[in-house]
Amino acid sequence: MDPVLSEEEDIEVNDSLLRELDKGIDDIEAGRYYSVEEAFDYITRKRDEWRNARVRSESVARSGG
């Protein structure tokens, strides 16, 4: 478990990652897939979204909100 996230947030992030992996596997099985460049762009966008959500969560926790 990530020490910054609550148990519920950690579970939510893990579930989200598993859904994304499942979606990727479904796409590959259906013949839909990205070039390496497109895949890395997508991964970067998702990583940034997760980091931003984490920063917001940390900020709220520190402010007592």
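Residues numbered from 1 in each chain as written. Predicted model: local features only at pLDDT ≥ 70, side-chain atom pairs only at ≥ 80, totals over all residues. Heavy atoms only, no water.

Enquirer: Could you give an account of the environment of Glu9, naming the residues involved and the relevant values?
Expert: Following the sequence through the fold, Glu9 ends up in helix α1 (residues 7-29). Sequence separation of Glu9 and Arg54 is 45 residues, and the distance between their C-alpha atoms is 9.3 Å. (Helix = DSSP H or I, 4+ residues; strand = E, 2+ residues; numbered from the N terminus.)

Enquirer: Any details on α1? Residues and values, ideally.
Expert: Taking 1.5 Å of rise per residue, 23 residues should cover 33 Å, and α1 covers 33 Å from first to last C-alpha, within 8% of that figure. Considered for burial, the residues of α1 that qualify are Asp10, Ser16 and Asp27. The inward-facing, buried residues of α1 abut α2 (36-63). Looking one or two residues beyond α1, the residue adopting positive phi is Gly31, at roughly 85°. (Expected span 1.5 Å × (residues − 1). Buried < 20%, exposed > 50% of the residue type's maximum accessible area, 1.4 Å probe, protein only. Contact = heavy atoms within 4.5 Å.)

Enquirer: Just give me the short version of the packing of aromatic side chains, but keep the residues and values in it.
Expert: With the rule as written, the count across this model stands at 1 aromatic pair. On the numbers, 6.2 Å between centres and 15° between planes, the contact of Tyr34 with Tyr42 is stacked. (Phe/Tyr/Trp six-rings, centres within 6.5 Å; stacked < 30°, edge-to-face > 60°.)

Enquirer: Tell me about the pattern of salt bridges, and name the residues and values.
Expert: Enumeration according to the criterion identifies 4 salt bridges in this entry. Here Lys23 ties to Glu20 by a salt bridge, and the two come within 3.8 Å at their closest N and O atoms. One end of the pair, Lys23, and the other, Glu20, are both in helix α1, 3 residues apart, so they sit about a helical turn from each other. A relative accessible area of 44% means that Lys23 is categorised as partly exposed. Measuring nitrogen to oxygen at the nearest pair gives 3.8 Å for the salt bridge that ties Asp48 to Arg47. (Salt bridge = Lys/Arg side-chain N within 4 Å of Asp/Glu carboxyl O.)

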